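# Observations on the model geometry
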Amino acid sequence: MIILKKIRSWSKPYLRNIIGRKKVDWSMFEHGSTIPKQFYEDFTEANQHQSVKVGESVPVKLIHNNRSYKASLRYVDRSRSNMEPVLQLRYDTNRELKELIKNVFSTSYRYINNQRNGEKQKKSVNVPDEIAEFIDFYKTDKPFVYKMEFQSKSNGDSIMPSFWWVNQGQTYAQEKDGGFLWAPQKSKQGRAVSHHVRLLEAKVGDLVFCYSAMELKAIGIVKKEAVEATKPTEIASHDWHREGYLVELEYFELHPIIQKDEIPLDWRLNEDGPFDVNGNLKQGYFFQVSESFAIKLYKKFAERFGIEVKAIMEQNTKDEEILTIREKTKNSYMPIKEVVNHIYSYIRSKGFYYKKEEIANLFLSLKTKPFVILSGISGTGKTKLVQWFAESIGANEENGQFTLIPIRPDWNDGSDLLGYVDIKDEFKEGPLTKVIKRAISHPDLPYFVLLDEMNLARVEYYFSDILSIMESRKWEEGKIVSSNLLTKETAGFDLKLPNNIYIIGTVNMDETTHPFSKKVLDRANTIEFNRIELGNLSFLESSEEIEPIIIGNKTFASNYLHLKDIYNENSELVKRVSHELERINEALQLTNSHVGYRVRDEICFYVVYSEKAGLFREKQALDYCILQKILPRISGSSSGTDQMLRKLYLLFTNKRLEDDIDTAQIDLASARYPRSAAKVLEMWRRLGEDGFTSFWIS
């Protein structure tokens with residue numbers, strides 16, 4: 001690899017967007033690093049040309065694996081000691097980051113610690129090159145926010161090779177016989193070509209998929225990194241510039257070769273590098289491909305790979321499985337109650353006040369069914385609630401795990417969300433399709449979609465396909481799978497609804513919006529946010545900032561689809577809940593508003609999840625379910641509606657509603673289901689005053 005500069009323990013490899021590479025030494029375990037003067041301009045450029053003044057300390061965010069760590073960039077004034085000021089990257093008080101660095105770079109930590117053992121003075125220890133470890137700092141699109149990539153040898157892990165794809169065309173035979181890859185430095189017009197310059201990024205041990213004439217012909221192993229070289233005599237073309245880049249490559253032919261169409265189309269569509277939007281090969285020479293794509297190719301065609309390549313791929317497949325297990329363990333073991341407490345604390349730290357019970361209810365609703373409706377008057381923070389909820393567990397717009405889709409009033413079918421075929425007969429992906437494809441690529445992470453003001457258009461028109469596919473989910477080989485949301489006939493690829501997509505819609509009820517049909521309400525938990533406490537400012541007194549914690553999808557994913565999934569272990573609970581719903585259905589039948597099996601099953605799931613996590617008592621959980629799964633279905637103006645509301649109130653409180661009762665004086669604290677009783681009382685009052693009532697406040 002080409003090193004542009006090297007000053008003491010800092011260096012700058014020829015890598016895109018890199019600020020600098022820091023060799024891990026004792027200072028990195030204690031407080032950070034002093035930055036050599038020769039790297040000041042690199043940090044200034046990364047900070048979008050905002051410089052740090054002498055004596056100033058600027059907050060910095062260090063990002064690793066989508067997690068943010070606090071640090072600072074300090075320009076230390078040393079004029080009192082007659083010394084020049086120095087720029088330092090510091091994180092002295094960030095214990096979490098220091099522990100992470102110690103754990104990841106345990107090889108360096110142990111070596112340095114052993115060398116310092118018994119020394120009265122803390123001497124400087126240089127880690128030998130053969131076990132040296134590094135932190136690469138990359139610039140992002142924001143100033144004072146740097147991405148960290150770790151080059152570690154800890155616990156016997158090797159640094160993963162990168163995987164590349166080369167489109168060789170007619171030069172394949174010459175390059176294979178010569179044992180190299182070569183590309184000109186400039187185009188015919190004299191401009192640098194990015195997919196040629198990319199040869200400089202290939203490292204010794206990297207694997208290259210060699211493609212020519214619609215066939216994947218060989219796998220190459222990089223033997224020497226790129227050097228500047230004139231065009232080899234083996235290459236016959238005289239049209240290119242003579243000066244170029246050359247990588248030494250050892251070729252191992254595939255037997256038999258892999259035809260392009262043998263590579264599944266959905267793999268090509270999900271892989272940006274060498275493939276275009278239709279899954280065909282781009283015009284260009286050298287592209288990086290993802291590790292997951294390379295491993296999938298190997299697993300599908302393993303018998304065609306040579307022994308030498310197999311040895312590398314088997315090790316990487318093993319490493320991938322180990323890393324996945326570690327990540328799953330790290331991300332999913334946190335008990336649900338602790339997850340809820342963390343989300344609540346995070347939202348509170350952002351200056352928003354919601355009760356912990358409300359956060360627990362939202363969590364349980366999403367786990368029960370990945371579609372939730374948040375209703376309430378405008379200005380109660382419904383949109384922000386969802387954003388902070390997602391962000392608290394590491395899902396944000398930057399990493400693509402949180403997406404806000406504003407709904408337009410003119411949407412009348414699913415094409416606005418999913419996509420459409422244009423006049424060129426090409427499929428244009430909709431915003432939801434893009435999120436689903438990302439979610440399929442990362443099944444261990446949750447993806448949240450916020451449909452903002454979702455009832456500005458008729459939900460039944462543009463969302464019916466998604467609702468139907470959500471109901472098609474079934475168990476298949478121990479996994480939850482759905483029917484196709486999009487098919488090859490319409491989109492050019494099959495697309496299913498994955499088990500790590502969570503859709504939340506915010507709604508207002510006024511003259512600009514549309515009501516919901518029972519088809520929609522049956523398939524969602526509808527949570528109201530109408531409680532306003534303007535005088536409660538206690539949540540603003542806490543200045544503690546809570547950092548997000550990356551939580552895997554296992555914490556949020558549904559474990560149950562059918563009542564039989566929970567019955568054996570929870571038969572008595574299912575019987576109690578079903579009995580209670582039968583009593584409620586007797587009242588609902590007065591206006592044909594009674595619920596069916598789907599609602600019964602999902603209420604049972606909610607109560608079981610709540611009980612296992614220790615979030616609510618059974619009656620509390622059932623109260624929430626009645627409020628958000630049953631009562632939203634009720635509306636009307638008839639005497640039957642009046643009788644039904646009276647019956648429900650009697651069931652919920654063991655008290656009768658009398659015509660002359662003062663609803664403002666009623667105390668529901670001792671009611672069987674206080675939240676549901678309060679809502680029924682409000683709906684009954686509005687029926688008497690307006691001659692019509694519904695669940696919704698407009």
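So, here's what we can say about the structure. All values derive from a computational prediction rather than experimental measurement.

Attention shifts here to the sheet that holds strand β5 (residues 57-64). Read across the open sheet, the nine strands follow the order β1-β2-β3-β8-β9-β5-β6-β7-β4; overall the sheet is mixed. If you trace the sheet from one side to the other, it starts and ends with β1 (3-7) and β4 (32-35), each paired once. Between one strand and the next, the sheet's axes are offset by a mean angle of 25°, whatever the strand orientation. For strand β8 (residues 134-139) and strand β9 (residues 145-151), the ladder comprises six bridges, and the chain directions are antiparallel. Counted as the bridge partner of D136 is E149 from β9. Contacts from helix α3 (residues 95-104) reach β5, β6 (67-76), β8 and β9, with the element oriented near 105° to β6.

Right, let's get into the pattern of salt bridges. Where charged atoms of side chains with opposite charge meet at close range, the side chains can pair. Taken as a whole, this structure holds 43 salt bridges when the rule is applied. The shortest N-O distance in the salt bridge between D136 and R21 comes to 2.6 Å. Taken together, the positions of D136 in strand β8 and R21 in strand β3 (residues 18-23) put the pair 115 residues apart, joining distant regions of the chain. The exposure class assigned to D136 is buried, which follows from its relative accessible area of 1%. By relative accessible area, which is 14% here, R21 ends up buried. Ionic pairing is found between K142 and E398, a salt bridge with its closest N-O pair at 2.3 Å. Placement of the pair is K142 in the loop between β8 and β9 and E398 in the loop between α12 (382-392) and β17 (402-406), with a sequence separation of 256 residues.

It is worth spelling out unusual backbone geometry at this point. Cis rather than trans, the peptide bond between H255 and P256 has omega equal to -10°. For P256, the position within the fold is in strand β14 (residues 243-259). With a phi close to 65°, H49 is a non-glycine residue in the positive phi region. You can call H49 exposed: its relative accessible area is 64%. You will see that N82, though not glycine, has its phi angle at about 55°, which is positive. By secondary structure assignment, the location of N82 is in the loop between β6 and β7 (86-90). Here N82 falls in the exposed class, since its relative accessible area comes to 75%.

Read across the open sheet, the six strands follow the order β11-β14-β13-β12-β10-β15; overall the sheet is mixed. Where the open sheet ends on each side, the last strands, each with one partner, are β11 (180-184) and β15 (286-289). Neighbour-to-neighbour, the strand axes of this sheet turn through a mean angle of 35°, independent of strand direction. Both strand β12 (residues 207-212) and strand β13 (residues 215-230) contribute to a ladder of six bridges, which runs antiparallel. Paired with F209 across the bridge in β13 is I219. Packed onto the sheet, helix α8 (residues 291-301) meets β10 (163-167), β12, β13, β14 and β15 and runs at close to 80° relative to β10.

The rules behind each value
Residues numbered from 1 in each chain as written. Predicted model: local features only at pLDDT ≥ 70, side-chain atom pairs only at ≥ 80, totals over all residues. Heavy atoms only, no water. Pairing = 2+ DSSP bridges. Helix = DSSP H or I, 4+ residues; strand = E, 2+ residues; numbered from the N terminus. Axes fitted to C-alpha atoms, helices over the stretch in contact; angles between N-to-C directions. Contact = heavy atoms within 4.5 Å. Salt bridge = Lys/Arg side-chain N within 4 Å of Asp/Glu carboxyl O. Buried < 20%, exposed > 50% of the residue type's maximum accessible area, 1.4 Å probe, protein only.

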